[in-house]
Structures are given as structure tokens and as C-alpha cells.
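# Structural overview for review
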Amino acid sequence: MYLVIGATGNVGSQVVEQLLASGRKVRVFTRDASKVAHWGNRVEVAVGDLTSPETFAKAASGVEGIFLMNGALDGEVFRQLIASAKAEGNPRVVFLSTLFAGFENSPIGRLHKDKEDVIRASGLSGRFIRAGAFMTNAFQWIGSVCAEGVVYNATGAGKVAPVAPEDLAAVAVHALTDASLTSEVFEVTGGELLTVPEQVEILAKATGKPIRSVDVPTEAAVQGMIDAGTPAPVAAAVGQSFELVREGKTAVVKDTIRQVTGRPPKTFQSWAKEHAARFA
Ligand SMILES: NC(=O)c1ccc[n+]([C@@H]2O[C@H](COP(=O)([O-])OP(=O)(O)OC[C@H]3O[C@@H](n4cnc5c(N)ncnc54)[C@H](OP(=O)(O)O)[C@@H]3O)[C@@H](O)[C@H]2O)c1
């Protein structure tokens, strides 16, 4: 039995699908059971909240592996979660981390690296999926694309190699289930380096509608996040990530998806075609 945290999210939902497809038993963790009703009796449901460690401990009982995410969780609560997982058995923990965890000067990276270190210190077998920028981040553009045909870009000509959640999930499922893998850290990116204007061009072709990219300073993007309800320290941390992208620090392509799964990563073009209707 595998416990999937974030089972209703971009990556976790794909982890569930892929575990089920490989014949594994799955328990999904959610704050809202109605969000996992579509799986019916194909999964066990554990209703709980990561901020209530006792609900997590109950869900972790007797599982052989846990897919865990949510980097923003308070450090002490996270320590309790990991201690309770250990007390409930000896599951392998695959933690969705970020490429920024390998950076010295990234608050977002520190937030994830600290969690990785809690898992390392626990003595549990931990595997860390250090993900590059998700393709699904483009969903954040839906509002301005639909309203104005515009994507506001705070990362200038900086490049990332966007990765599809299903590819991240595929690596995570291998990390959960394949004892022969020896790596502890899996750095996972998509296969092609793209600026935001290049992603926007691909999206415009996929949707068949004109979309422009408009450069904005990082400060404006940070203020926009705060106005939309993001806590100021989180918005500031994300803003610092934008700066790292702008400075070219994230212009890296890793071959992990092909090495672990034997398949090439999904292209942004394919992803954009699959999801074009949402930008209409
Ligand atoms: N976006 C990127 O470019 C990027 C890059 C590297 C790493 N990451 C990591 O990926 C994470 C986002 O992954 P995602 O896009 O797959 O997630 P997502 O689609 O944003 O979904 C969030 C998930 O977290 C669950 N969740 C949130 N708070 C919870 C709580 N208190 N208790 C229990 N469950 C909770 C939600 O479950 P319910 O609502 O069902 O309870 C939901 O399934 C980030 O937080 C970051 O750590 C992101």
C-alpha cells in the first residue's frame, strides 16, 4: 500500500494514476473526500490535513511508501509528520522537492532542503525529486490570457526547462517502487530550455489565438501576488526565484526522465496542445 499526499494536485494525481496502473494499492490523503470521489473504490481514502499530524499518522499506518509534498509546511509540524511515519512502520518517503534546493541563495530552495534534511535525519529511506519549473505553472496565465491575451513575464529572457507533472510522477513512482535505484536525489527537468516568451509563442500556436508576452519588473509581480492573497514572505521568496531565472541560473536540462523511465520527456508543445482549451 502506498500513501499519496497531494493526491488531488498536479503531480500527486498522476502518481495515483500511475501506481494504480502498475497494480499497486493506493491510499489517497485529502482534506476533501469529494475531490477524490472519481476514483471510487479503486483507492482507499484518508481524510486529513497535514497541519494535524495525527490525521497523517493514521493515514501512514502500515504503508510501504509515501509520496509527500507541500514544501511550505512549518518545520516543527513537518518533523512531527516524519516522526509519526517512522513510528507507523518504516516506509520509504519520496518527497517532491525543487531544483532550488541545490542553490545556496534561494529561500524557496531552503524551505525544501530543510524538509529533505528532516527526512534524512529520521533514518527513513528518503528519495528527493528535485523538480524544475512545472509546465502547469502556465495555468497561472489563464486569467490574463483570457481577459487580455497577455502573459506578464517577470523572468525576462531567463530560461527554464518546463517539466510535465506526469513525467515527474513517473520518476516518483520509480523512486517509490524500484529498490534497485541507488540515487537519493533525482533532479528532474523537461527536455528543452524555453523563455517565457517562447512558451507563450508555443501556447499561442496551440490555442490558435494571439497571445503577447509583456515584461514586468519582479517587484510588480511580487506585489501582484500579494494583492492576490499570497503571504508577503512567500511572494518575496517566489520573487527571488524569478531573479534566479532572470540571471540564467535555471537554464539547465537534466536527462533523469529518460534515464529512469526510458522515455523522453513530454514537450511543452504537446502539453500546450493537450490543455489549449483551458486558455480559450
Ligand atoms: N510549481 C513549480 O514549478 C514547482 C517546482 C518545483 C517544486 N514544486 C513543488 O510542488 C508543489 C506543488 O505541487 P502540485 O502542483 O502537484 O500541487 P497542487 O496542484 O498545487 O496541489 C496542492 C496539493 O496539496 C494538498 N494540500 C495542500 N495543503 C494541504 C494540507 N494542509 N493538508 C493536506 N493536503 C494539502 C492539496 O490537497 P487537498 O486540497 O485535496 O487537501 C493538493 O492535492 C509545490 O508546493 C512545491 O513544493 C513546484
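Residues numbered from 1 in each chain as written. Predicted model: local features only at pLDDT ≥ 70, side-chain atom pairs only at ≥ 80, totals over all residues. Heavy atoms only, no water.

Here we come to the site of the ligand. The local shell around the ligand holds 24 residues, among which Thr-8, Thr-30, Arg-31, Lys-35 and His-112 are the closest. Here an oxygen atom of the ligand and a side-chain polar atom of Lys-35 are 2.6 Å apart. Asn-70 is positioned such that a nitrogen or oxygen atom in its side chain is 3.2 Å from a nitrogen atom of the ligand. Of all elements in the fold, only helix H1 (10–21), strand S2 (26–30) and strand S5 (92–98) reach the threshold of two or more residues within the shell around the ligand. Here the shell around the ligand gets three residues from one element, more than from any other, and that element is S5. Looking at the shell around the ligand residue by residue, the class counts come to nine nonpolar, twelve polar and three charged. Mapping the shell around the ligand onto the domain boundaries places at least three of its residues in each of domain 1 (2–131) and domain 2 (133–162 + 190–252 + 264–280). (Near = heavy atom within 4 Å. Polar contact = N/O pair within 3.5 Å; in protein donor to acceptor, adjacent residues only side chain to side chain. Helix = DSSP H or I, 4+ residues; strand = E, 2+ residues; numbered from the N terminus. Nonpolar A, V, L, I, M, F, W, Y, C, P; charged D, E, K, R; others polar. Domains from an automatic or database assignment.)

Let us now look at the packing of aromatic side chains. According to the stated counting rule, one finds six aromatic pairs in the structure shown. Their ring planes at 85° and their centres at 6.1 Å tell us that Phe-29 and Phe-56 sit as a pair that is edge-to-face. Taken together, the residues span a long stretch of sequence, with Phe-29 in strand S2 and Phe-56 in helix H2 (residues 53–60) at a distance of 27 residues. Phe-56 matches Phe-29 in its accessibility class, with the two residues each being buried. Taking 5.1 Å as the distance between ring centres and 50° as the angle between the ring planes, the aromatic pair formed by Phe-139 and Trp-271 counts as tilted. Of the two residues, Phe-139 is situated in the loop between strand S6 (126–131) and helix H5 (142–148) and Trp-271 in helix H11 (residues 268–275); the sequence distance between them amounts to 132 residues. Ring pairing ties together the aromatic residues Phe-139, Phe-268, Trp-271 and Phe-279, which thus form one cluster. Here the basic side chain of Lys-115 rests over the ring of Phe-78, its NZ or CZ set 5.9 Å away from the ring centre. (Phe/Tyr/Trp six-rings, centres within 6.5 Å; stacked < 30°, edge-to-face > 60°. Buried < 20%, exposed > 50% of the residue type's maximum accessible area, 1.4 Å probe, protein only. Lys NZ or Arg CZ within 6 Å of the ring centre and 35° of its normal.)

Overall, parallel pairing links the seven strands, which are arranged S3-S2-S1-S4-S5-S6-S8 in an open sheet. A single partner strand is all that each edge strand has here, and the edge strands are strand S3 (44–47) and strand S8 (185–188). The average angle at which neighbouring strand axes cross in this sheet is 20°, direction not considered. Packed on one face of the sheet, H1 meets strand S1 (2–4), S2, strand S4 (65–68) and S5 and runs near 155° to S1. (Pairing = 2+ DSSP bridges. Axes fitted to C-alpha atoms, helices over the stretch in contact; angles between N-to-C directions. Contact = heavy atoms within 4.5 Å.)

Taken domain by domain, the protein chain holds domain 1 (2–131) and domain 2 (133–162 + 190–252 + 264–280). The gap between the C-alpha centroids of domain 1 and domain 2 is 26 Å. Contacts between the two partners involve eleven residues from domain 1, matched on the other side by twelve residues from domain 2. With both sides pooled, the region where domain 1 packs onto domain 2 buries about 870 Å², and carbon together with sulfur makes up 78% of that total. (Buried area = accessible area lost by both parts, 1.4 Å probe.)

So, about the pattern of salt bridges. Within this structure, the stated rule accounts for 15 salt bridges. The partner of Glu-44 in a salt bridge is Arg-27, and the shortest N-O contact between them spans 2.7 Å. Within this pair, whereas Glu-44 is found in strand S3, its partner Arg-27 is found in strand S2, the two being separated by 17 residues in sequence. The exposure class assigned to Arg-27 is buried, which follows from its relative accessible area of 14%. Arg-120 is the partner of Glu-116 in a salt bridge, and the nearest nitrogen-oxygen pair spans 3.1 Å. One end of the pair, Glu-116, and the other, Arg-120, are both in helix H4 (residues 107–122), four residues apart, so they sit about a helical turn from each other. Here Glu-116 falls in the buried class, since its relative accessible area comes to 0%. Accessibility expressed as a relative area gives 29% for Arg-120, which makes it partly exposed. Salt bridges here are not isolated pairs; linked through shared partners, they connect Lys-113, Glu-116, Asp-117, Arg-120, Arg-130 and Glu-184. (Salt bridge = Lys/Arg side-chain N within 4 Å of Asp/Glu carboxyl O.)

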